[in-house]
Amino acid sequence: MKKHKSIVIVFFLFLSLLSACRKLDVPPLTVVQDTDVFINESGITAYMARIYSRLPIEDFKYSPVINFNAFVIGSASGITGEALSRDMNNTTETFNYWLDAYNLIRECNYFMETLPKYAANFTAGQVSNWLGEARFIRAATYFALVKRYGGVPLVDKVLTGPNQTIGDLTESIEELKIARSSEEAVYDFIGADLDYAYANLPETNKAGRVNKYGAAAFKSRAMLFAGSIAKYNTITLTAGSARLAGIPASKAVAYFKASYDAAVLLNGKYSLFKRSWVAGDKNAQYQNFVNLFLDATSGNPEVIFIKQYKYPDAVHGYDALSVPKQLEGPGGNYSSETNPTLNFVEMFEGLPKNTDGTIQTIDANGKYILFNNTMELFANAEPRLRATVILPGDLFKGQPIEIRRGIYTGSAAGGISRLLPQGSTANYPTANLVTAAAVLQTPYTLPDGTKMTPAGASGVFTNLAANGPGGTITGFSVRKYLVPDKPTSEVVTNRSEQSWIELRYAEVLLNRAEAAYELYAGGQGANYLQDAITDVNLIRERAGASLLTTMNSIDSVRKERRKELAFENKIYWDLRRWRILDQEQNSTLYRVLMPFYSANAKKYFFDPRFDERNSRFTFDSRWYYQQIPTAVIAKSTNLIQNPGY
Amino acid sequence: MKHSPDYCNDTKDCHYIKTWPGLLFFVSIFFISFSLSAQTSAKIEGTILSKEGAPLSGASITVKGTSTGTTTDTAGKFSISTTPGQRLVVSMVGYQTSELEVGSQSPLVIRLVPNPNSLDDIVVIGYGTRKKGALTGAVSTVSSTEIVTTKNENLQNMLTGKVAGLRVIQNSGEPGSFDNSFDIRGLGSPLVVIDGVPRTNITRLNPSDIETISVLKDASAAIYGVRAANGVILITTKRGKKGTLTLNYNGTYGVQIASRLPKPVGIYDYMTLVNEQRIHNINGGTPLYTEADFEAYRNGTKIAANWQDAIIRKSAPFTQHDISASGGNENTTYFVGLGYMGQDAIFKSDDVKYKRYNLRSNITTKLTKNLTFDINLNGILDRKDQPYISPWYVFRSLWYQPPIQNIYANNNPAYFNNVPSNLNGVAHANSDVNGYMMLDNKWFQSSVSLNYDVPFVKGLSAKALFSYDFNSNNNKIYQKAYNLYNYNASTDTYIPVPQQTPATLRREYAEFPSTLKQLSLNYNRKFGNAHNVSALFLYEENIRSADNLFAQRELSIAVDQLLAGNSLNQQGNTGATNLYKTINASYVGRLTYDFKGRYFAEFTFREDGSSKFAEDQQWGFFPAGFLGWRVSEEAFFKNSSALSFINNLKLRGSYGVTGDENASTYQFVSGYNYPVSGTPTGLPGGSVFDGVYTNGVQSKGLANPNISWYTAKMLDVGIDVEAWKGLIGITFDYFERDRTGLLATQLLTLPDVVGVGLPQENLNGDRSKGFDFDISHRNRIGQFNYNIRGTFGYTHTMNTKRVAARAGNSYLNWNNSNFTANRWNNLYWGYGSNGQYQSYDQIAQSNIYVNRNTVVGDYIYEDWNGDGQISSQDNQPISTSGLPLITYGFTVGAQYKGFDFNMTWNGAAKVYVSYLEQLNTPLWAGGGALEQFMNRWHPADPLADPYDPKTEWIPGNFAYTGTVPYTNTLANASSAAYLRLKTVELGYTMPNHILSRFGIKGLRLYVNGYNTLTFTKLKYLDPEHPPSQFGYLYPLDIKLTFGLNVQL
């Protein structure tokens, strides 16, 4: 009996196990399919989260020598003359933006081709909104390409079919070697994509995603770029009838008009941020301009399109990299990477100036003008300057920012003469000067017995090396975008999360003003001139600067743009499209302003001089069109290289 | 500095420990109750003894020609029912089989003659066993007694030197890290099968539970199909033997000492080196430290720090206890074991430690005459404690801080000094300061099987096996905020510099359940006394899965619990790596035939399916064939008196196909990776919309539906010789493994405008070949028994096919060694070395370009192409790279009366190391220096101008301070070949007549040394210490162990 029982058990076991024989189609748990993505709005949001994250914009994480979305140390403003950065010297953009661009374009094209197949899951409005977003991202990507390389291959569909094997693809490889289109065609393609986006995008969208005015604002930027190339570029590269580099000058007016028209679309929809602005109150105007960048959401009427960050998943380190040394967080020596130049500061109103426009710190007798404190020199500075640049001695996070090059111990009787002849690039003499190499320094005992550190807590230190001790190297530190209430313990490279404002109405006004002035200059009527003056004055009024009554040159608009959009990583591209960067940077040394304390006079004086590091800047004019990566040409031999490479 | 509870301070952990034995007890009682009591009356009793008269337990006694059989108990006694005239066959592993006719005499006393390499020994092979004499594949075995002669926390290290071709390199002695390189014939990570089930916990096994380990080195592994390309290791755990209950206790206590741990220099040496570095400047330099500075330390005005003494202690304890019970009767046998292992580290803080508990219960019972039931249970708990800052980083900090940097600010022990780069090693080594990591692992492994001897077909049996395994990792990681301090002398204040803020607590949990179902039919029969036939057919299904999650919060109050955290910035997610489910389904078969034990043929196959591939690529066929010829069984051989001293000579060869499924990560699937892995400070995985982070979906790009596993073809030819009745045994094998289908992307790439690259394909190939051999000798002179065994393995690998673009010229093409087919790829490329400049004259007369700041003692690189300068064109293969190509070992065992002695030497050759950072450069990155760098070329007068030709130099091993050799040169690479006494053990067994008075069956005391002696040309470091992790890994250890073994 027992025996039979066990046989039964064995057979039962056999059968139950055999029935478990199964197919092996176990899908990987971390891979999802189109059917999971295009099924509902959250799937689409995940798709959008990917393509927006790779949108090629020059934000906090843009480094000309690394890439987009990089861990940045050297400041991108350090190549334009706006600022000097210990870890950024004379260079052009050195990374290749090509494969990443076409990968993103492919993902946009794939989205545009796939979403309609799943249209039944959504409302018609949703579908057209999302198609508009994909078009916007594609346009922005082509813009990132064309502003670097000129005409590039235009791809408006997914180039590989779903059923193509590796063999099929390698056989048809010649067809995939798409040639460069003309620069003009690329701009027209961008214009068409943005028109589509404008027509299909909603009036409002989530923060971090674009709406129809974002598309219009971006078009005003892109078309202004095209117009500038048509008007100012002198480099030519043609292949057959296509002009791969350069746009015929005859097209300039049309592009400026397109830029102007796109900017006008935002009229009445957006306005300059003036929430805490008070007419005639410089302090209120200063605070208003500070707040503009920190109040990027909550209905800021100026903000059109932003990129958001959120700890811990998506962060940047702008505060850690930019704060003055004395407010540095744990982790060390990252501070003050963006140090505005004196050249930049001198563009603003309200500073004592010499006749040549440079700052006046020397009196008629050739002696330094003495000040009770470092802020006295800037007492009447334009509020926008204070909101953009931390001036020596100004308050930040409740502390006066202590910037001092050294203590002058020589006699002050009869005034203090220049430490160095004007225009000298030499080192400061060691006689009568006490300085410090780094923040740990031996205090100097002043004649009255009190102690003072030779350099201020935020510099300037004599060790100016890259990765040096930190501290300012120009006498200034950047203010724009810094968060004033961030705890010091969070001033580290992965804790900043303030939004990057990619498109704001001030830029649209400046685009409009520039396009208008160019149209006026191109013979399109005086109304445009008046429009340009009105636009610029809106900006100037908010900035706390005097208003213009006339405008004699495009330089008025450009200078306004350089002040308003400083440290927003836009000026580099402006200087390129105006084709003036090579003239501005021709073995150029930028200027700095060194505050000294006279121990005997018990007063401060300022020495303007050339950058002590002797870091010279030169922009090679062939860089206006970047080199197409040789590896790209090796794979696609019919691509024609830009001139000079 | 205890910070966290041990096991059993926590009620939850106690629960486990208390419950498991209870459960086992219940299970044991249940099966023991199956025992049958029927016995026949014609009984004969006897004792089986060794030649020396020691009782042999576990010897098997069968009545010839019947199925009646029994085994001896621990006193060597047996009783069996026979009738006079029948013959008894007495056999035991390791002894020659003895036969005798049953007479009237009772009790019988039978003495067995030892036979170390008995051809009748049973060897475990894939899905079965085989007599050693019938083996046709390259299978090496190690028995439990051979394993435990090495004392280590990691079973892998206990195998070092004992198996020819098994390459074991210990990377670190860090408790709980189990950091080893472990492979068979250099082929890669092998499949480990424990008691018939693929399992990954080889490092955590209790060595006392192991009966035998088989290493399948050739096509013998092919029966494991798509997972067998790197060979297979089979581990079999102990089972009970019939006989009375035996309790076995084994306990050790040991101390561990770091093996060749570099030491930082003292204050005077440090200041001297700094001065040398400063004056080592062609443009002139001044020493930093003056005589007054030296004097300040000499007269005690200033006190130098001794970081080494503050962090490292001389020795750390190591202890192990296990107790096992085994026994059984005719129907039920059991083995139950409980083990504990505890290991501390050489940090003074005592904050790095490891504890392990092993519990095993293997029970076999006969349900009916033909039906056997097996249940194996194994439970392991282990835990590693360490500071939040990893031990390797502690060594980095320790070596970095020079003695001029005080440990404590103002030498006040209440305040840790804010030393350069915040690298305060004393703070780093201490959990109380910087927090901790608690890494908890649990394993539950079980299998049940039924074996049915089919009564109507002779030799046929059927088996069903089901296994359920479960492994979990449960980690608690506390990043504690702490302060370092700057001392302000003018105000007598300590200014805190916060570190690791905010305090963060992280919990991680991962689990890995897996199941295995197996059904098999086994047929084994001898026809006509000449034709041995066996066959196996088996179906197996193995499901493995993993899941995990973590939660992390910043702490509101300084309590190390998640609940003390706040919701701001809290994180929680599942990692993509440990989230999977894979299924392997397989049909396995084997046919063997031998003719009179003379000619052997075997064929195995596995039709293997893996869920890691596309539907059309899931199944593969992995056959293997074996041939053997036992020449010594031929008549001409047996009849030749000249050859009579050879008692076994066998030629064998095998060829088989295996696969490796591990490389492909679902590249046949198109679609999207989710979640996208990103870098928060770089490109994140998604975007922030409306203030909320949203993860993205990332297109996987083009898929390759045809992607498949690597295919490996294994060839092995071997010879086994045994002469003078086992006095000499030799096994030699030559092998080749050809792999094809290694993943690569083809050269022809799509233009970038496509926006995506071609997917990987199975394109590349390589070949590993080499040989291994094993020589054994065993003898007895009077009361003195000894045995010697040597093992040797040599392996190297070349690319046979490699997709790569041709370089610009043929030199470069040749230079890109890894892109060239048919060249050994274990080559290390760099500049050759011509020693060091011995004099200024030699520098002046150099026929290669010499930099103007060159000094005496600087390295001379070989101008290989003779162009007068050192450039990248002087790159050449200068040594081998990676793991040693040659590994060898030899074991000596001896007994004399009650004493026994064992030692295993092991060695490696064709291995080179070169180091980075602090093991390469004194005063690296402004830090301190290691003592080894004092052995340098330097002027006799420390302040002499090194550029003055009159300066008198003292030669040394390294160049003058400030000269660092290029990384890839022979000047920087050293041979790490070594020969070391891996283990040496001396034991004494108390005589039986004394013990029996106390009712003790056996008692042995022993002392063991691990890594006690090392011969190597490598200066300053342990030769096994790897350069990885910049050379900062926790050192290997020397262990001295005292042990006691008691049998009751």
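Look a little higher up for the structure.
The residue count restarts for each chain, going from 1 along the sequence in the order it is written. Written order decides the labels, with chains lettered from A and ligands numbered from 1. It should be noted that, the model being predicted, local features are given only for residues of pLDDT at least 70 and side-chain atom pairs only at 80 or more, the latter also being counted only at that level, while totals for whole chains, interfaces and linings use all residues. Note: side-chain values were computed over all heavy atoms of the structure, leaving out hydrogens and water.

Caption draft 1: Examining the packing of aromatic side chains more closely. We call Phe, Tyr and Trp rings a pair once their centres come within 6.5 Å, taking the six-membered ring for Trp, and we label the pair stacked below 30 degrees between planes, edge-to-face above 60, and tilted otherwise. The tally for this structure, following the rule as stated, stands at 94 aromatic pairs over all chains. Between Phe784 of chain B and Tyr786 of chain B, the aromatic rings sit 5.7 Å apart at their centres with planes inclined by 25 degrees, giving stacked as the arrangement. The exposure class assigned to Tyr786 of chain B is buried, which follows from its relative accessible area of 17%. Seen from their ring centres, Tyr831 of chain B and Tyr966 of chain B are 5.7 Å apart, and the 80 degrees between their planes marks the pair as edge-to-face. Of this pair, Tyr831 of chain B sits in the loop between β42 (827–830) and β43 (833–836) while Tyr966 of chain B sits in the loop between β50 (953–954) and β51 (973–975), placing them 135 residues apart in sequence. For Tyr831 of chain B, a relative accessible area of 14% puts it in the buried group. Think of it in three bands: residues with accessible area under 20% of the maximum for their type are buried, residues over 50% are exposed, and the middle band is partly exposed, with areas taken using a 1.4 Å probe on protein chains only. On the accessibility criterion, Tyr966 of chain B (46% relative accessible area) is partly exposed. An aromatic cluster of at least three residues, connected via ring pairs, comprises Tyr52, Phe136, Phe143, Tyr187, Phe218, Phe225, Tyr255 and Phe305 of chain A together with Phe689 of chain B. Here, over-ring charges are defined by two tests on the NZ atom of lysine or the CZ atom of arginine: distance to the ring centre within 6 Å, and angle to the ring normal within 35 degrees. Positioned above the aromatic ring of Phe318 of chain B, the side-chain terminus of Lys1039 of chain B is 5.0 Å from the ring centre. Runs of H or I in DSSP of at least four residues are treated as helices and runs of E of at least two as strands, each being numbered from the N terminus.

Caption draft 2: Up close: the sheet that holds strand β4 (residues 77–81) of chain B. Residues and elements named next belong to chain B. As summarised here, the arrangement of the three strands in space is β4-β1-β7, forming an open sheet in which the pairing is mixed. Every other strand in the sheet has two partners, leaving β4 and β7 (108–112) as the edge strands with one partner each. Along the sheet, successive strands turn relative to each other by an average axial angle of 30 degrees, direction set aside. Strand direction decides the pairing type here: strand β1 (residues 43–50) and β7, joined by five bridges, are parallel. The partner of Ile48 across the bridge, within β7, is Ile110. Strand pairing is assigned whenever DSSP detects at least two bridges linking the two strands. Whenever a helix is involved, its axis is fitted only over the stretch in contact; in every case the axis is a line through C-alpha atoms, and angles between N-to-C directions fall within 0 to 180 degrees.

Caption draft 3: Geometry of the side chain of Ser477 of chain A. Residues and elements named next belong to chain A. Examined against the element boundaries, Ser477 turns out to sit in strand β14 (residues 477–478). Within 3.5 Å is the distance limit for a polar contact, defined as a pair of N or O atoms, with the added protein rule that one can donate a hydrogen and the other accept it, and that residues adjacent in sequence qualify only through two side-chain atoms. In terms of polar contacts, Ser477 uses its side chain to reach the side chain of Ser336, at 3.1 Å. In what follows, residue pairs with any heavy atoms lying within 4.5 Å of each other are defined as contacts. What Ser477 contacts, discounting residues up to four positions off in sequence, is Ser322, Pro324, Ser336, Thr338, Pro340, Val389 and Ile390.

Caption draft 4: Focus on the nonpolar core. Grouping buried Ala, Val, Leu, Ile, Met, Phe, Trp, Tyr and Cys residues that are joined through side-chain atoms within 4.5 Å yields what is termed a nonpolar core. Within the largest apolar cluster, 198 residues are counted, with the highest numbers of intra-cluster contacts made by Phe136, Tyr142, Leu145, Tyr187, Ile190 and Phe378 of chain A. Discounting chain neighbours no more than four positions away, the residues touching Leu145 of chain A are Tyr97, Trp98, Ala101, Tyr102, Ile105, Gly150 and Val152 of chain A. Within the second largest apolar cluster, 44 residues are counted, among which are Ala258, Ala429, Tyr859 and Leu1021 of chain B.

Caption draft 5: Layout of the interface of chain A and chain B. Counting from both sides, the interface comprises 77 residues of chain A and, opposite them, 76 residues of chain B. Here's the idea: put two parts together, see how much 1.4 Å probe accessible area each one loses, and the total over both is what we call buried area. Overall, the association of chain A and chain B removes approximately 6,800 Å² of surface from exposure, summing both partners, and the carbon and sulfur fraction of that is 67%. Of all residues in chain A, Leu24, Arg50 and Ile166 of chain A bury the most surface against chain B, accounting for 11% of the area lost on that side. Just to be clear on terms, a salt bridge is a Lys or Arg side-chain nitrogen sitting within 4 Å of an Asp or Glu carboxyl oxygen. Run the count over chain A and chain B and you get two salt bridges.

Caption draft 6: A nonpolar patch on the surface, seen in detail. All names here are of chain B. Together, Ile781, Phe784, Tyr896, Phe899, Leu986, Val1007 and Phe1042 give the surface a local cluster of nonpolar side chains, amounting to about 670 Å² of exposed area. By the element assignment, Ile781 lies in strand β40 (residues 761–781). According to the relative accessible area criterion, Ile781 is exposed, its value standing at 52%. Grouping into patches uses exposed residues only, defined as over 30% relative accessible area, and leaves out salt-bridged ones; the cut-off is 9 Å for like charges and 5 Å for nonpolar side chains (Val, Leu, Ile, Met, Phe, Trp, Tyr). Only the protein chains shown count as cover for residues, with accessible areas throughout obtained via the Shrake-Rupley method and a probe of 1.4 Å.

Caption draft 7: Region of interest: unusual backbone geometry. All names here are of chain B. Here the bond from Thr501 into Pro502 is cis, since omega is -10 degrees, no more than 30 degrees from zero. Checked against the element boundaries, Pro502 lands in the loop between β25 (493–499) and β26 (504–511). Omega for the bond connecting Tyr674 with Pro675 falls within 30 degrees of zero, at 0 degrees, which places this linkage in the cis form. Look at Arg185: it is not a glycine, yet its phi comes out positive at around 55 degrees. Position of Arg185 among the secondary structure elements: in the loop between β12 (180–184) and β13 (191–194). A positive phi angle, close to 60 degrees, is found at Ser421, a residue other than glycine. Tracing the backbone shows Ser421 in the loop between α7 (391–400) and α8 (425–428).

Caption draft 8: Just the pattern of salt bridges, in detail. Residues and elements named next belong to chain A. In total, this model carries 92 salt bridges over all chains according to the counting rule given. Linking Glu302 and Arg542 is a salt bridge whose minimum nitrogen-to-oxygen distance equals 2.7 Å. Placement of the pair is Glu302 in the loop between α10 (282–294) and β5 (303–307) and Arg542 in helix α15 (residues 526–543), with a sequence separation of 240 residues. Judged by relative accessible area, Arg542 falls into the buried class, the value being 0%. Its salt-bridge partner being Arg562, residue Glu584 comes within 2.5 Å of it at the nearest N-O pair. Taken together, the residues Glu584 in helix α18 (residues 581–584) and Arg562 in helix α16 (residues 554–564) connect sequence positions 22 residues apart. Looking at Glu584, the relative accessible area reads 29%, which means it is partly exposed. On the accessibility criterion, Arg562 (16% relative accessible area) is buried.

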